[in-house]
Amino acid sequence: MSVIITENFLGPDEFEQIKTIKTSYLFPWYYQNEVVKSGEHPLETLECEEKDNWQFTHLFYSNDKVNSDYFKILSPIIEKMTIRSLVRIKANCIPRTEKPILHGSHVDFDYEGCTTAIFYIDTNNGYTQFKTGEKVGSVANRFVTFPSLTYHSGVSCTDEQVRMVINFNYF
């Protein structure tokens with residue numbers, strides 16, 4: 001498994017513009033009644049209680065089309081990536097929990113050659129945990145890439161109001 005971590009992925013002004021929009025009361029977040037669908041892939045496991053398996057999301061891109069009026073705010077990120085074809089771009093917002101919640105090991109897509117990237121919007125004590133045990137902390141403006149077939153799980157934060165990331169899947 002090769003996890004590549006890039007710190008300070010965007011310049012300060014570009015990053016602040018995205019963060020300001022994503023944290024605005026005007027930005028539309030949508031309730032999703034599950035973070036991980038257990039059993040969709042052979043090694044997937046729901047590792048939290050069902051009552052904790054939820055989040056807010058915003059789908060920017062899916063099924064070969066733009067799904068959000070806010071897609072254009074991602075231009076500074078997309079321009080720095082090497083993308084042949086987009087699969088999906090989705091933002092996740094998980095509210096603070098009393099104790100860290102490991103949601104469950106999953107793959108985003110089981111397409112050979114597909115890449116997953118996570119762009120972290122805020123700094124908190126939440127993290128991404130890989131099946132290998134490796135952890136990548138939530139640090140604002142951090143960009144992490146790995147093969148989409150890599151099992152990983154998001155872990156909630158306990159020290160800030162929310163943990164926000166933007167998840168990219170692409171070839």
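Keep in mind it's a predicted model, so treat the numbers as computed, not measured.

*Asks:* Is there a simple way to think about the sheet that holds strand 9 (residues 127-130) in this case?
*Replies:* To summarise the sheet geometry, strands pair through backbone hydrogen bonds and adopt either a parallel or an antiparallel arrangement. In spatial order, the strands read 10-9-12; together these 3 strands make up an open sheet with antiparallel pairing. With partners counted over all chains shown, the strands left at the sheet margins are strand 10 (135-137) and strand 12 (152-155), one partner each. Averaged over all adjacent pairs, the angle separating strand axes in this sheet is 20°, with direction ignored. Here strand 9 runs beside strand 10; their pairing, made up of 3 bridges, is antiparallel. Counterpart to tyrosine 127 in the pairing with strand 10 is glycine 137.

*Asks:* What should I look at first to understand the environment of serine 75 in this one?
*Replies:* Mapped onto the elements of the fold, serine 75 is located in helix 2 (residues 75-78). Classification of serine 75 as partly exposed rests on a relative accessible area of 31%. Sequence separation of serine 75 and serine 105 is 30 residues, and the distance between their C-alpha atoms is 30 Å.

*Asks:* What exactly am I supposed to notice about helix 1 (residues 12-22) here?
*Replies:* Given 3.6 residues per turn, any residue in an α-helix points the same way as the ones three and four places further on. Here helix 1 has its buried residues at Phe15, Ile18 and Lys22. Axial view of helix 1: buried residues confined to an arc of 70°, hence all on one face. More than 90 degrees from the buried face of helix 1, the exposed residues found are Pro12, Asp13 and Gln17. Lining the buried residues of helix 1 we find strand 4 (55-62), helix 2, strand 6 (86-95), strand 8 (115-120) and strand 13 (162-170).

*Asks:* Is there a simple way to explain the nonpolar core in this structure?
*Replies:* Across soluble globular proteins, nonpolar side chains show a tendency to be buried alongside one another. Leu74, Ile77, Ile89, Phe119, Ile166 and Phe168 are the most contacted members of the largest nonpolar core, which totals 25 residues. Among the elements of the structure, helix 1, strand 4, strand 6, strand 8 and strand 13 are those that each provide at least two residues to this core. For isoleucine 89, the residues in contact, after removing those within four places along its chain, are His58, Leu59, Phe60, Tyr61, Phe71, Leu74, Ile78, Ile166, Asn167 and Phe168.

Definitions and limits used
- Each chain carries its own residue numbering, running from 1 in the direction its sequence is written.
- It should be noted that, the model being predicted, local features are given only for residues of pLDDT at least 70 and side-chain atom pairs only at 80 or more, the latter also being counted only at that level, while totals for whole chains, interfaces and linings use all residues.
- With hydrogens and water stripped out, all remaining heavy atoms of the structure feed into the side-chain values.
- Being paired, for any two strands, means DSSP has found at least two bridges between them.
- Secondary structure follows DSSP: runs of H or I at least 4 residues long count as helices, runs of E at least 2 residues long count as strands, and numbering of each begins at the N terminus.
- Interaxial angle, 0 to 180 degrees, is taken between N-to-C directions of lines fitted to C-alpha atoms, where a helix line uses only the stretch in contact.
- Partly exposed describes any residue whose relative accessible area lies between the buried limit of under 20% and the exposed limit of over 50%, with all areas from a 1.4 Å probe on protein chains only and scaled to the type maximum.
- Arc definition: directions from the helix axis to the C-beta atoms.
- Contacts are assigned to residue pairs that have any heavy atoms within 4.5 Å of one another.
- By nonpolar core we mean a set of buried residues, namely Ala, Val, Leu, Ile, Met, Phe, Trp, Tyr and Cys, connected to one another through side-chain atoms within 4.5 Å.

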